[in-house]
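Given next are the chains, with one letter for each unit.
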Amino acid sequence: MERYFSLYGKQNIAVFRHALDLYTQVLSFRSNASKAASSGATRKMLDLYVYWTDMDKLQKFIQVRKSILNSVKHLVGNESGRKALIKSDGIAILYATAKQSDEMKQEIQRNCTSNQMDFKVRCTNSTGPQELFKKTGSEQQAANPNDLAVLGKAIDNLALTCSQIIRKSMPKLCLPIPSLHG
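Only a predicted model underlies this, so the values are computations on that prediction, with no experimental measurement involved. (Residues numbered from 1 in each chain as written. Predicted model: local features only at pLDDT ≥ 70, side-chain atom pairs only at ≥ 80, totals over all residues. Heavy atoms only, no water.)

A separate point is unusual backbone geometry. At Gln-59, a position not held by glycine, the phi torsion is positive, near 60°. With respect to the helices, strands and loops of the structure, Gln-59 is situated in the loop between helix 4 (41–55) and helix 5 (62–75). (Helix = DSSP H or I, 4+ residues; strand = E, 2+ residues; numbered from the N terminus.)

Dropping the structure here:
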């Protein structure tokens, strides 16, 4: 299934997203998720997620990224998937993505509250600040706060899914609290 993602991902986004949703439904069964995780699908899906996160500077394909995260969430549902996620440094990838999503959402909220005609949403990555969205010149209209609010909720859902995957995959440790009974 993963080889088809690389073939159709760049050409037809709708087909790609439906294939991801179908893959997520297949992974909802534990036996399928276990087989996929043992064959290395966790790392492949993380690589695919990093690729789409880097490619999606305009935040147009948030639903595709959410579908990829849902697949990772099902893969991490068993022990082999959790081990594969930890081994492939997926925790750091998901944490960085959640942090970046939170920064993006805060920037959107600041832009929603400002009444400027010319606004920018900025995102920092390894190459520095990137201009994501700007209305100027002939497109000078008041920014629609509803569109930005929907975008903020979608980005917030990405961060929430990342945190759910991180919580699911981290080892469960006892808190270092001395007992009350001696």
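There's more to say after this.
Where helix 2 (residues 13–27) meets helix 4, the axes come as close as 14 Å, and the angle between the chain directions of the two elements is 150°. On the basis of their axis angle, the class for helix 2 and helix 4 is roughly antiparallel. The chirality of how helix 2 crosses helix 4 is left-handed. Contacts between helix 2 and helix 4 involve Ile-13, Phe-16, Leu-20 and Tyr-23 from the former and Ala-41, Met-45, Leu-48 and Trp-52 from the latter. Split by residue class, the contact of helix 2 with helix 4 holds eight nonpolar, no polar and no charged. (Axes fitted to C-alpha atoms, helices over the stretch in contact; angles between N-to-C directions. Parallel < 35°, antiparallel > 145°, perpendicular 65-115°, else oblique. Left-handed = near helix turned anticlockwise from the far one by under 90°. Contact = heavy atoms within 4.5 Å. Nonpolar A, V, L, I, M, F, W, Y, C, P; charged D, E, K, R; others polar.)

Further remarks concern the pattern of salt bridges. Opposite charge on two side chains lets them pair, provided their charged atoms get close. A complete count under the given rule lists four salt bridges for this structure. Of the charged contacts, one joins Arg-82 and Glu-79 as a salt bridge, the two residues approaching to 3.9 Å between their closest N and O atoms. Here Arg-82 and its partner Glu-79 are both found in helix 6 (residues 79–87), three residues apart, which amounts to about one turn of the helix. Residue classification places Arg-82 among the partly exposed positions, given a relative accessible area of 23%. A salt bridge links Glu-79 to Lys-83, with the nearest nitrogen and oxygen atoms 3.9 Å apart. Of the two residues, Glu-79 and Lys-83 both sit in helix 6, four residues apart, roughly one turn of that helix. The class for Glu-79 is partly exposed, based on a relative accessible area of 47%. Connected via shared salt-bridge partners are Glu-79, Arg-82 and Lys-83. (Salt bridge = Lys/Arg side-chain N within 4 Å of Asp/Glu carboxyl O. Buried < 20%, exposed > 50% of the residue type's maximum accessible area, 1.4 Å probe, protein only.)

Per the stated rule, a full pass over the model turns up three aromatic pairs. Centre to centre, the rings of Phe-16 and Trp-52 are 5.2 Å apart; their planes meet at 15°, and the pair counts as stacked. One end of the pair, Phe-16, is in helix 2; the other, Trp-52, is in helix 4, with 36 residues separating them in the sequence. Both residues of the pair, Phe-16 and Trp-52, count as buried. (Phe/Tyr/Trp six-rings, centres within 6.5 Å; stacked < 30°, edge-to-face > 60°.)

Moving on: the side chain of Ser-71. You can see Ser-71 is positioned in helix 5. Of the polar contacts made by the side chain of Ser-71, one reaches the side chain of Thr-24; its length is 2.7 Å. Not counting chain neighbours up to four residues away, the residues in contact with Ser-71 comprise Leu-20, Tyr-23, Thr-24, Leu-27 and Met-45. (Polar contact = N/O pair within 3.5 Å; in protein donor to acceptor, adjacent residues only side chain to side chain.)

This next bit is on the confidence of the model for the protein. In low-pLDDT segments, the atomic positions of the prediction should not be examined closely. For the protein, mean pLDDT is 76; residues scoring 70 or higher make up 69% of the total. Predicted confidence in the protein is weakest over strand 1 (residues 120–125), with a mean pLDDT of 42, and strongest over helix 5, with 93. The model gives residues 115–143 a pLDDT under 50, and that stretch makes 47 contacts with residues more than four places away or in other chains. (pLDDT = per-residue confidence, 0-100.)

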